[in-house]
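Summary of structural features
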Amino acid sequence: MLKPEINELLTETGPGTAMGELFRQYWMPALLADELPTNDCPPVRVKLLSERLLAFRDSNGRYGLIDEFCAHRGVSLWFGRNEEGGLRCAYHGWKYDTTGQCIDVPSEPEGSRFPQKVRLKSYPLVQVGDVLWTHMGDPKLRPELPVWEFARVPAEHTYTSKRWQECNWLQALEGGIDSSHVSWLHSGGLKDDPLFKGARGNTYNLTDRKPFFEVADADGGLFIGARRNAEEGHYYWRITPWVMPNFTMIPPRGDHPVHGHFWVPIDDENCWTYSFDYHPTRPLTDAELQAMREGYGVHNQYVPGTFRPLQNKDNDYLMDREAQRRGETYSGVWGIAMQDASLQESMGPIVDRSKERLVSTDSGIIQARIRLRKAAEALRDDGVIPPGVAPEHQRVRSASVVLPVERGFIEASREALSVTPGTKHASV
Amino acid sequence: MAATAAEARFRIEYPFLPRDSRIVAVDGGAMGVVRRASQLRWDGSARFLLYDAATAKGNGETTDATLRDCTDGETTLLSRELDGADVAVMVAGSDGGEAAAIIGRACADRRIMTAGVVLAPAGVHTNDAVVALRPYAMVLIVSSAEDDLIDLLTALRV
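Residues numbered from 1 in each chain as written. Chains lettered and ligands numbered in written order. Predicted model: local features only at pLDDT ≥ 70, side-chain atom pairs only at ≥ 80, totals over all residues.

Structural notes on the overall build of chain A
Scanning chain A from terminus to terminus reveals 13 helices and 19 strands. What you see for chain A is a C-alpha radius of gyration of 22 Å, in line with the 22 Å of a compact globule of 428 residues. The buried share among the 428 residues of chain A stands at 53%. For chain A, contacts bridging at least 24 residues in sequence account for 60% of all contacts bridging at least 6. (Helix = DSSP H or I, 4+ residues; strand = E, 2+ residues; numbered from the N terminus. Rg over C-alpha atoms; globule rule 2.2 N^0.38 Å. Buried ≥ 20, exposed ≤ 12 C-beta atoms within 10 Å, placed from the backbone. Contact = placed C-beta atoms within 7 Å.)

Let's talk about unusual backbone geometry
Residue and element names in this part refer to chain A. Following M244, the chain continues to P245 via a peptide bond in cis, the omega torsion being -5°. Checked against the element boundaries, P245 lands in the loop between β15 (234–243) and β16 (247–250). With a phi close to 55°, D316 is a non-glycine residue in the positive phi region. Tracing the sequence through the fold places D316 in the loop between α8 (286–293) and α9 (321–326). C-beta crowding within 10 Å serves as the criterion here: with 14 such atoms nearby, D316 is assigned to the partly exposed category. Non-glycine residue L318 carries a positive phi angle of around 55°. Structurally, the position occupied by L318 is in the loop between α8 and α9.

Some thoughts on the interface of chain A and chain B
Contact with chain A, which involves 28 residues of that partner, is made by 28 residues of chain B. At the level of secondary structure, the elements contributing two or more residues to the side of chain A that touches chain B comprise β13 (212–217), α10 (336–346) and α11 (363–382) of chain A. Looking at the side of chain A that touches chain B residue by residue, the classes come out as 12 nonpolar, seven polar and nine charged. Two strands pair when backbone bridges link them, and β13 of chain A and strand β7 (residues 139–143) of chain B are joined in this way by four bridges, in the parallel orientation. Looking at β7 of chain B, one finds that A216 of chain A is bridged to V142 of chain B. (Nonpolar A, V, L, I, M, F, W, Y, C, P; charged D, E, K, R; others polar. Pairing = 2+ DSSP bridges.)

Points about the sheet that holds strand β1 (residues 27–32) of chain A
Residues and elements named next belong to chain A. Sheet architecture is open: three strands sit in the order β1-β11-β10, paired in antiparallel fashion. What marks the edges here is a single partner per strand, and that holds for β1 and β10 (126–128). Averaged over all neighbouring strand pairs, the angle between strand axes comes to 45°, with direction disregarded. Here β1 pairs with strand β11 (residues 131–135) via five bridges, running antiparallel. Following the sheet pairing, P29 is matched in β11 by W133. (Axes fitted to C-alpha atoms, helices over the stretch in contact; angles between N-to-C directions.)

Points about the sheet that holds strand β8 (residues 102–104) of chain A
All names here are of chain A. Spatially, four strands are ordered β5-β6-β7-β8 in an open sheet, and the strand pairing comes out antiparallel. The open sheet has two edge strands with one neighbour each: β5 (81–83) and β8. Sheet topology places strand β6 (residues 86–88) next to strand β7 (residues 95–96); two bridges connect them, and they run antiparallel. Bridging from a neighbouring strand, R88 pairs with K95 of β7.

Some thoughts on helix α7 (residues 200–207) of chain A
Among all positions in α7 of chain A, only G201, N202, Y204 and N205 of chain A are buried. One side of α7 of chain A carries all its buried residues, which in axial view fall inside an arc of 160°. (Arc of directions from axis to C-beta.)

Structural notes on α11 of chain A
Each α-helix turn comprises 3.6 residues. Residues three or four places apart therefore point the same way. Residues and elements named next belong to chain A. Over its 20 residues, α11 runs 27 Å from end to end, which matches the ideal 28 Å to within 8%, given 1.5 Å per residue. Of all the positions in α11, only S363, G364, I365, I366, Q367, A368, R369, I370, R371, L372, A375 and A376 are classed as buried. Taken from the residues just after α11, G383 is the one with a positive phi, measuring 70°. (Expected span 1.5 Å × (residues − 1).)

What follows is the structure in structure tokens.
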């Protein structure tokens, strides 16, 4: 249960809000790199943290993320022409470079200094891995570029997709922290999904549906350990790192690629779910890449030409009651990603947490909310840089391990939970 | 169809039956924080207790434990406190093994949910408490912030 004012604090991310300012401390995924595939390609509308922006790639390959609207009469620059080193408004020809600086106002005399006095709001846009990242906060406090392992391994080791999720970012994130739903909602996927099936750990998941949980502080957020019975004298641990504010990694299964998510607020009622898969020590196979593109694992299928999932709230997520009855899917919705999204969206755009009835197994979610609130308040009141900004906080991994009952998951898995380039992830 | 924003605002209010919670300090290191928590106002019917000692039969077999009520200092029995309880939250500082074992087993016998909270300032060794609580707490939280306990109990509507 959250008081309404705390729910508002955590869910509102527009300019000037406490959580919005928190998000503006970090490099965030703004769009996939292949959305701007070539120089002078069409610009892309990007809404982030309730700000309407436009991303483009100029004739020299420079990326820009600027205010969507022309300073002249406020029309959308999405209609503009991306040519000859800038983006020209389709209405009266005003032209901007990737920093938002106006470089031409055709109606002014040649050589006029007026364009120099016009500048749109802009943010940096930098490619790291498959993703174009932006930092929307104070340039003086701009941190080092992100070092997340999925974005730093060789290109052939990693794959990232994104989808539009029609709910507030926090209820999507909370699904990523909540390990207790896996044995239920995703039980079908553990048996059939090509990116999940076949791992020894799945057996423990399916035979012990009442896991014990441990939540421990981490420098960047939390480690959440879900413990199930394994062989005599041993526990099977699935360890999920959450790094503030919106990054989680799913504990791996067998030699499958390891996956995770960013949940990036579009506005207060929508978010982008970035879903990545990577393998630290080998390229992804053709079969794995094909499965990811076909929407298996943490990925999804799309309405053609969009990032909206093919299964969405307008078609009841293509609910299949017969598949549900046959036990192929627990909820009747196909695919792990949309099983999560369908339920999270069903709660409404911003769930009213003053009405929920949490139980002890929701402790990971409770602890994450506490840390988000404290970090947002510390930043707002005292200017404290929040956890997760520092690169060392980003060098984390998830892990799945079998340990003797007397071993704690943190001390036994300390190395497995941090990135050592060139070493395989710990997985059962 | 997912709920709209307007529908979400007008969700039906359910009758609210408070959870019957027992919050027990299982070692000396946790008694202060549990006492302070007991002085706050709680909506549910939580009882805040301090572990005292095991009680045993003549043959030494542990059968019960004595606890002290934080608010009036009265001695009570674990078995009496667990009658009708929904959840037992065991709070430890640095140890708590004996109490966790007795409370944990008693809760398991009665099908009562257990949670463990290990609270210690950053840098203080907590492994003994974690090891002690792990077998008996279905959920175990390790934290260096005392107010985490308050936030946890608030979130759970104890």
